[in-house]
Amino acid sequence: MRILILGASSSGLYTALKLAQREVKVLLCEKESSFEGRRLILTSYFLEHFPLRPKVLYEVKGYRFVAAKTEGIFYLKKPDVVLDRKDLLFELLKECEKYRISILWGWKFERMDSQRALFLTPQGPKEIEADYIVDAMGVKSPLRKALDPAPNLVFLKQAQIIWPSSFKDGLSTIWLRPDLTPYFLWLFQDSPKTGIFGVIGENKEQAEKALFQLAQEEGFELCGRTEEGWVSLFQSKFLPKHRNVFFIGDSAGHVKSTTVGGVVSGLRGTKALVESIQSGRDYFKNLLPLRRELMIHHLLRELLNTFNEDDYRQLITALKDSSYLGRLCRDTLFPDLFFSLVKSPIPSFKLFVHLLPWLMKKGIWKLLLKR
Ligand SMILES: Cc1cc2nc3c(=O)[nH]c(=O)nc-3n(C[C@H](O)[C@H](O)[C@H](O)COP(=O)(O)OP(=O)(O)OC[C@H]3O[C@@H](n4cnc5c(N)ncnc54)[C@H](O)[C@@H]3O)c2cc1C
């Protein structure tokens, strides 16, 4: 069996590595010839579940949420880690080299012609035949673009700034500003003296305007590079296998819609794919735990997108004195919510009663019934 993997970023490289470790023959094709850097913030789930050790630049001990002059600080049970995408990809590449995985750099996938994948390469057009194709080409995937439903894209932009002395060390800030974006703006530290200030917007224009306005309001001082790009959010209607093509990572929309984090969920999807290629079990079935998790994030995002500043203020006030948020991990939200309910039923019930009138006002039932 010969497997062709398109795209050598976190999802593509990890799939190649895991398949090669199981002695499956793989070939990777990547359109670029170098990796682009990008600061990433990942939960402790990453270090606990993936045997990769890229350099940790900084640790995030907690989050400070700000909305309508109200703020709430939530400390995490286990810190999040700040990494650079380049370090993560080099770490993966090093592992791939141990298994002598072939990677064709500068090979840009163009289209499929029955079983053959057609490429534009530095040596001219080329084609490769494969039994299975793994699409790890992210949001730019031509294969994904040709399928329904159209990807649900959001735009991220972030810039390195001088860490403001009035901000606490190791504490990230999240600004909930529906007047600027239905998503959020953030600041996390990537060194003792610098931080990454960023935003998620529905489009590039909205993201840039929001970033510029808050930077001015807060008096932030730009000191380094800016990074930006589109990310595709989870869509329950998109089926991640079409004929002999498997979709993983951003091209499958394996991204948490609440925080727009796609690295860990992309890697989790990869594990499900490798297991199904090896065992012959249905890929969709193997993906169910991840899809359930992403569905919870999707529902929460639909609800949050209806919020105004006052709703966020009420939410922060309701959660402020409980350690609830700090106990939840963004990558295990479904089991964490369930176990919180079982382990601490009284605080959970109190919180639910507190939030109930407001959830009803927001039409949460309609959202759930719609699903
Ligand atoms: C500014 C920004 C900040 C982010 N911050 C975070 C964060 O803090 N935490 C987090 O979890 N996520 C974050 N994300 C999202 C995260 O980066 C993505 O979810 C993740 O990189 C997806 O990985 P992937 O391997 O699926 O796809 P990608 O990383 O997009 O990789 C796709 C690969 O396919 C290649 N490719 C594309 N087209 C072709 C083609 N035609 N032929 C061959 N190769 C091709 C590309 O060159 C690339 O190497 C951020 C995104 C952005 C833009």
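All values reported here derive from a predicted model rather than from experimental measurement.

Rules used in this analysis
- Residues numbered from 1 in each chain as written.
- Predicted model: local features only at pLDDT ≥ 70, side-chain atom pairs only at ≥ 80, totals over all residues.
- Heavy atoms only, no water.
- Core = buried A, V, L, I, M, F, W, Y, C linked by side-chain atoms within 4.5 Å.
- Buried < 20%, exposed > 50% of the residue type's maximum accessible area, 1.4 Å probe, protein only.
- Helix = DSSP H or I, 4+ residues; strand = E, 2+ residues; numbered from the N terminus.
- Contact = heavy atoms within 4.5 Å.
- Domains from an automatic or database assignment.
- Buried area = accessible area lost by both parts, 1.4 Å probe.
- Salt bridge = Lys/Arg side-chain N within 4 Å of Asp/Glu carboxyl O.
- Nonpolar A, V, L, I, M, F, W, Y, C, P; charged D, E, K, R; others polar.
- Phe/Tyr/Trp six-rings, centres within 6.5 Å; stacked < 30°, edge-to-face > 60°.
- Axes fitted to C-alpha atoms, helices over the stretch in contact; angles between N-to-C directions.
- Parallel < 35°, antiparallel > 145°, perpendicular 65-115°, else oblique.
- Left-handed = near helix turned anticlockwise from the far one by under 90°.
- Near = heavy atom within 4 Å.
- Areas by Shrake-Rupley, 256 points an atom, 1.4 Å probe, with all protein chains shown as cover.

1. Comments concerning the nonpolar core
Core analysis: the biggest nonpolar cluster contains 46 residues, and Leu13 and Phe46 have the highest contact counts within it. For this core, the element with the highest residue contribution is helix 6 (residues 263-279), accounting for seven residues. Setting aside its immediate chain neighbours within four residues, Leu13 contacts Gly7, Ala8, Leu28, Phe35, Leu89, Leu92, Leu93, Cys96 and Ile103.

2. Let's talk about the domain arrangement of the protein chain
What the domain assignment lists for the protein chain is domain 1 (2-38 + 85-150 + 235-297), domain 2 (60-84 + 152-232) and domain 3 (306-370). Taken residue by residue, the interface counts 17 residues in domain 2 and 14 residues in domain 3. Sorting the residues of domain 2 by area buried against domain 3 places Thr70, Phe74 and Pro178 first, and these three jointly supply 37% of that buried surface. Between domain 2 and domain 3 we count one salt bridge in total. Where Arg330 meets Asp80, a salt bridge forms, and the shortest distance between an N and an O atom there is 2.8 Å. Where the side of domain 2 that touches domain 3 is concerned, the elements lending two or more residues are strand 4 (58-67) and strand 5 (70-84). The biggest single contributor to the side of domain 2 that touches domain 3 is strand 5, with eight residues. Classifying every residue of the side of domain 2 that touches domain 3 gives 11 nonpolar, two polar and four charged.

3. Quick word on unusual backbone geometry
For the bond from Asp148 to Pro149, the omega torsion is -10°, close enough to zero to count as cis. Note that Pro149 resides in the loop between helix 4 (142-145) and strand 11 (152-162). The backbone of Arg100 sits at a positive phi, close to 50°, despite the residue not being glycine. Turning to its location among the elements, Arg100 is positioned in the loop between helix 3 (85-98) and strand 6 (102-105).

4. What about the pattern of salt bridges?
Applying the stated criterion across every chain, the model contains 21 salt bridges. Of the charged contacts, one joins Asp113 and Arg116 as a salt bridge, the two residues approaching to 2.8 Å between their closest N and O atoms. Judged by relative accessible area, which is 31%, Asp113 ranks as partly exposed. Here Arg116 falls in the partly exposed class, since its relative accessible area comes to 24%. The salt bridge involving Lys157 is made with Glu228; its shortest N-O contact spans 2.7 Å. Of the two residues, Lys157 is situated in strand 11 and Glu228 in strand 15 (residues 222-233); the sequence distance between them amounts to 71 residues. A relative accessible area of 14% places Lys157 in the buried class. A residue is classified by how much of its surface remains accessible, and Glu228, at 34% relative accessible area, is partly exposed. Put simply, Arg39, Asp84, Asp190, Arg225 and Glu227 are held in one network by salt bridges that share partners.

5. Focus on the packing of aromatic side chains
Enumeration over the complete set of coordinates arrives at 21 aromatic pairs. On the basis of an interplanar angle of 55° and a centroid distance of 6.4 Å, the ring pair of Tyr45 and Phe50 is categorised as tilted. Here the two residues Tyr45 and Phe50 agree in accessibility, since each one is buried. A centroid spacing of 5.6 Å and a plane angle of 65° characterise the contact between Phe65 and Phe74, whose relative ring orientation is edge-to-face. With relative accessibility at 5%, the residue Phe74 sits in the buried group. Among the aromatic residues, those joined into a ring-pair cluster are Trp163, Phe167, Trp175, Phe197 and Phe220.

6. As for the packing of helix 1 (residues 10-21) against helix 3
Between helix 1 and helix 3, the shortest axis-to-axis distance is 9 Å and the interhelical angle comes to 20°. For the element pair helix 1 / helix 3, the angle class is roughly parallel. Helix 1 and helix 3 meet at a crossing whose hand is left-handed. Contacts between helix 1 and helix 3 pair Ser10, Leu13, Tyr14 and Leu17 from the former with Leu88, Leu89, Leu92, Leu93, Glu95 and Cys96 from the latter. Looking at the contact of helix 1 with helix 3, its residues break down into eight nonpolar, one polar and one charged.

7. A word on the site of the ligand
The full set close to the ligand counts 30 residues, and Ser9, Glu30, Arg38, Ile41 and Asp250 are the nearest of them. If the ligand stood free it would expose 1000 Å²; the protein chains cover 92% of that surface. Sorting the residues of the shell around the ligand by element identifies helix 1, strand 2 (25-30), strand 3 (39-42), strand 7 (108-113), strand 11 and strand 15 as the ones contributing at least two each. Considering each element in turn, the shell around the ligand owes the most residues, four residues, to strand 15. A breakdown of the residues in the shell around the ligand according to their chemical character gives 11 nonpolar, 10 polar and nine charged. Counting residues domain by domain, the shell around the ligand receives three or more from each of domain 1 (2-38 + 85-150 + 235-297) and domain 2 (60-84 + 152-232).

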